[in-house]
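Each chain, letter by letter, is given below.
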Amino acid sequence: MVTPEQVQHYITAGLKCDHIEVNGDGRHFDAIIVSPEFSGKNMVQQHQRVYQILGDRMREEIHALSMKTFSPEDWAKR
């Protein structure tokens, strides 16, 4: 079973993150991801980038991932 820490590692291995939180039960996960790579991208593009990084893990290991993604600028405005 995949842990939230493993999902976090998978994401940070492919994406520079200023802040990341991942919670979950082994199949369903929630994540807050702040990355400078998200600057200038819309939410769909940001989520597509994370799915690209996770690749086949989304089919094989992770059943569901709910994300809130932010550029550092948007995160600072919160």
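Look above for the structure.
Residues numbered from 1 in each chain as written. Predicted model: local features only at pLDDT ≥ 70, side-chain atom pairs only at ≥ 80, totals over all residues. Heavy atoms only, no water.

Caption draft 1: Just the overall build of the protein, in detail. In terms of regular secondary structure, the protein is built from four helices and three strands. Each helix (α) and strand (β) of the protein, taken in turn from the N terminus, gives the series α-β-β-α-α-β-α. At 12 Å, the protein has a C-alpha radius of gyration in line with the 12 Å of a compact globule built from 78 residues. Principal-axis analysis of the C-alpha atoms places the extent of the protein at approximately 35 × 20 × 20 Å. Looking at the protein as a whole, 35% of its 78 residues qualify as buried. Total accessible area on the protein stands at roughly 4,800 Å², and carbon and sulfur atoms take up 48% of it. (Helix = DSSP H or I, 4+ residues; strand = E, 2+ residues; numbered from the N terminus. Rg over C-alpha atoms; globule rule 2.2 N^0.38 Å. Buried < 20%, exposed > 50% of the residue type's maximum accessible area, 1.4 Å probe, protein only. Areas by Shrake-Rupley, 256 points an atom, 1.4 Å probe, with all protein chains shown as cover.)

Caption draft 2: Examining helix α2 (residues 43–54) more closely. In this model α2 runs 17 Å from its N-terminal to its C-terminal C-alpha over twelve residues, within 8% of the 16 Å that 1.5 Å per residue would give. Residues of α2 that are buried: Q46, H47, V50, I53 and L54. For α2, the angular spread of the buried residues around the axis is 115 degrees, confining them to a single face. In α2, those exposed residues whose orientation departs by more than 90 degrees from the buried face are V44 and Q52. (Expected span 1.5 Å × (residues − 1). Arc of directions from axis to C-beta.)

Caption draft 3: Just the sheet that holds strand β1 (residues 19–24), in detail. The three strands are arranged β1-β2-β3 in an open sheet whose pairing can be described as mixed. Edge positions in the sheet fall to β1 and β3 (64–70), since each has one partner strand and no second. Across the sheet, the axes of successive neighbouring strands diverge by a mean angle of 10 degrees, strand direction being ignored. Pairing between β1 and strand β2 (residues 28–34): six bridges, direction antiparallel. In the strand pairing of β2, H19 is matched with V34. Its contacts with the sheet put helix α1 (residues 4–14) on β1 and β2, and the angle it makes with β1 is roughly 145 degrees. Packing against the sheet, α2 makes contact with β2 and β3, and its axis sits at approximately 130 degrees to β3. (Pairing = 2+ DSSP bridges. Axes fitted to C-alpha atoms, helices over the stretch in contact; angles between N-to-C directions. Contact = heavy atoms within 4.5 Å.)

Caption draft 4: The arrangement of the nonpolar core in detail. Counting residues in hydrophobic clusters, the biggest one holds 18 residues, and the most contacted among them are I11, I33, V50, L54 and L65. Beyond its immediate sequence surroundings of up to four residues, I11 is in contact with C17, I20, I33, V50, I53 and L54. (Core = buried A, V, L, I, M, F, W, Y, C linked by side-chain atoms within 4.5 Å.)

Caption draft 5: Molecular detail of the pattern of salt bridges. Enumeration over the complete set of coordinates arrives at four salt bridges. Linking K16 and D18 is a salt bridge whose minimum nitrogen-to-oxygen distance equals 3.0 Å. (Salt bridge = Lys/Arg side-chain N within 4 Å of Asp/Glu carboxyl O.)

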